[in-house]
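Descriptive analysis of the structure
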Amino acid sequence: MKEETLVLYPALGRGHIVSMVELAIFILQTHHYSIIILLTNGFLDHPTINAYIHHISTSHPSISFLHLPPTPPPTSTTTVSFVAKLMNFMNSNTHNVTTTLSQISKTTTLKAFIIDFFCSSAMEAASSLGIPLYYFFTSGATVLALFSYFPKLHESGSVSFKDMVGVELRVPGNAPLKAVKLPEPMLEREDPAYWHVLDFCTRLSKARGIIVNTFAELEPVAVQAVADGACFPDAESAPRVYCIGPVIAEPQESEGAAGTESKECLRWLDEQPSRSVVYLCFGSRGSFSVSQLGEIAKGLERSGKRFLWVVKKPLEEDGAKQGQELAKPGDEFDLASVLPNGFLERTKERGMVVKAWAPQVEVLSRDSVGGFVSHCGWNSVLEGVVAGVPMVAWPLYAEQHVNREVMVGEMKVAVAVNEREEDGLVSGEEVEKRVREVMECKEIRERSVKLKHMALAAVSDFGSSTTALANLVHSWT
């Protein structure tokens, strides 16, 4: 009898790979499969990803990684957006995926092919081989509702959403959303990325099922909208949606200088009073200009609060695009030169600044952490929820503005920063105000603790996510 196998295919970037790996680990906790994770080769490869893969392969022998044949990276041109290059690269791997799936299916029983949203071009590969295809949607149900509904938004007019200043969009499962705050690839019809995303969003409804990293109690309005099929072109034929979260990353050991700094920041946190520290981190690609770093520093200093702040190598200029460079442990730059003169010395008794990276899951689990200033990336949102830590929502790129709306409005575990209209800068006064608010507001803290218990209940023996996972696995039998 052939071994039963699941093949998972994440998009580029450490965050997407980690999310897919955590899904694999989550499945293996209760069900036995051999799991193969396909990885592209040739664009945005990074040593930290290799170290992570080695760690997972060693600790989880049922999970193996298979690198697809090298594919030439996209040609460098300023006329094509970074996201369009990324999507072109994923599309160029379609033949490799088809060949690899065909080879795997000769020696094992391939029960399902689970792909990331950005890997939609691989849908034909699964179809040609008769393999059931599922999406793993690494954002929440609110963003899934938006993406599923996007083809209908597209058909509603011919003007680029970036030009629809003052227009609010109405999407099932979502709060009213400013058109100009849609994820960047959806904003400009002249950008090839727009048409890639439109194609991907159209394909969502054609999957056998969609696995979502959320739980029913976290986003009840959006979960109901996608479950009812209200966001899809045809509610009667809408795919089954499985909310199996929260799936979050395991704590990881970091090596070398980054590992030493990680241990130091955890030791420092353990020495601070309960719920006294605000933690600031903006994801793997959340960098700021030097002037914005100066405003954050000013706000932290004036707040009087203890803080742990992860600072990444600054953007070269104000207004530079977020999200294109992968920040990593060991990024070389001088902290003192990018922060206000004397800031580190003046705040050394109540603050700690680390470069590039911190062990976030472990940081948030510390009793001393009482607030989290976050870029609203979905992995970070879930990590904050599971830790029961109130948040300051500061979205930077991608779908993070959508996440902010649900964090503040529906979850009620966050306060939002206000940006300056003309250039998007967040002033030191605003930073100070929001840090004080999130650290001192009793209602948000109580709501955060309540949501933490709801998250734990969802993945307990008879919780909503455990039941959804069982239903998903049953669909493979």
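Conventions adopted
- Residues numbered from 1 in each chain as written.
- Predicted model: local features only at pLDDT ≥ 70, side-chain atom pairs only at ≥ 80, totals over all residues.
- Heavy atoms only, no water.
- Pairing = 2+ DSSP bridges.
- Helix = DSSP H or I, 4+ residues; strand = E, 2+ residues; numbered from the N terminus.
- Axes fitted to C-alpha atoms, helices over the stretch in contact; angles between N-to-C directions.
- Contact = heavy atoms within 4.5 Å.
- Buried < 20%, exposed > 50% of the residue type's maximum accessible area, 1.4 Å probe, protein only.
- Domains from an automatic or database assignment.
- Buried area = accessible area lost by both parts, 1.4 Å probe.
- Salt bridge = Lys/Arg side-chain N within 4 Å of Asp/Glu carboxyl O.
- Nonpolar A, V, L, I, M, F, W, Y, C, P; charged D, E, K, R; others polar.
- Expected span 1.5 Å × (residues − 1).
- Bend = angle between axes of the 7 residues up to and from the residue.
- pLDDT = per-residue confidence, 0-100.
- Right-handed = clockwise from strand over helix to strand, strands pointing away.
- Core = buried A, V, L, I, M, F, W, Y, C linked by side-chain atoms within 4.5 Å.

A short note on the sheet that holds strand E5 (residues 133–137)
Taken together, the seven strands give an open sheet; going across it, the order is E3-E2-E1-E4-E5-E8-E9, and neighbouring strands pair in parallel fashion. If you trace the sheet from one side to the other, it starts and ends with strand E3 (63–67) and strand E9 (240–243), each paired once. Recorded for the sheet is a direction-independent mean angle of 25° between the axes of neighbouring strands. With four bridges joining them, E5 and strand E8 (residues 209–212) adopt parallel strand pairing. What sits directly across from Tyr 135, in E8, is Ile 210. Its contacts with the sheet put helix H4 (residues 94–107) on strand E1 (4–9), strand E2 (34–39), E3 and strand E4 (109–116), and the angle it makes with E4 is roughly 155°.

Here's the deal with the side chain of Asn 403
In this structure, Asn 403 sits in helix H15 (residues 400–411). The class of Asn 403 is buried, set by a relative accessible area of 1%.

Considerations on the pairing of strand E12 (residues 351–355)
With four of its five residues buried, E12 lies for the most part within the structure. Note that strand E11 (residues 306–311) and E12 share five bridges and pair parallel. Paired with Phe 307 across the bridge in E12 is Gly 351.

A few points about the domain arrangement of the chain
As far as domains go, the chain holds domain 1 (4–249 + 458–475) and domain 2 (260–455). Taking the mean C-alpha position of each, domain 1 and domain 2 sit 27 Å from one another. Listed per partner, the contact involves 30 residues of domain 1 and 27 residues of domain 2. Where domain 1 abuts domain 2, roughly 2500 Å² becomes buried across the two surfaces, and 64% of that area is made up of carbon and sulfur atoms. Joining domain 1 to domain 2, the criterion identifies one salt bridge. Residue Glu 419 pairs with Lys 181 through a salt bridge whose shortest N-O separation is 3.8 Å. Listing elements by their share of the side of domain 1 that touches domain 2, those giving two or more residues are helix H1 (14–28), helix H6 (141–155) and helix H8 (220–227). Examining the composition of the side of domain 1 that touches domain 2, we find that three residues originate from one element, H6, more than from any other. Taken together, the residues of the side of domain 1 that touches domain 2 break down into 15 nonpolar, 11 polar and four charged.

Structural notes on H6
Over its 15 residues, H6 runs 22 Å from end to end, which matches the ideal 21 Å to within 8%, given 1.5 Å per residue. The sharpest bend along H6 comes to roughly 45°, located at Tyr 149, with the proline Pro 151 sitting one to four residues further on. Across the 15 residues that make up H6, a large majority, 13, are buried.

Description of unusual backbone geometry
Note the cis peptide between Gly 245 and Pro 246, where omega equals 5°. Along the chain, the position of Pro 246 falls in the loop between E9 and helix H9 (256–270). The phi torsion at Ala 398 lies on the positive side, around 55°, for a residue other than glycine. Counting through the fold element by element, Ala 398 comes out in the loop between strand E14 (391–393) and H15. The phi angle at Lys 412 is positive, at roughly 60°, despite the residue not being glycine. Residue position: Lys 412 is located in the loop between H15 and strand E15 (414–416).

Some thoughts on the confidence of the model for the chain
In the predicted model, the chain carries a mean pLDDT of 92, and the fraction of residues at 70 or more is 94%. Below a pLDDT of 50 lies the segment residues 323–330, which in the model reaches 20 contacts outside its immediate sequence neighbourhood of four places, other chains included.

Side note on the pairing of E8
In E8, alternate side chains face the same way, and those of Gly 209 and Ile 211 on one face and Ile 210 and Val 212 on the other are all buried. Both E8 and E9 contribute to a ladder of four bridges, which runs parallel. Each residue of the ladder has a partner; that of Val 212, found in E9, is Cys 243. The handedness of the E8 to E9 crossover, carried by H8, is right-handed.

Some points on the nonpolar core
Within the largest apolar cluster, 67 residues are counted, with the highest numbers of intra-cluster contacts made by Tyr 9, Phe 113 and Phe 161. When residues of this core are assigned to their parent elements, the largest contribution, nine residues, is made by H6. Listed in part, the 36 residues of the second largest apolar core include Met 352, Leu 364, Val 386 and Ala 458.

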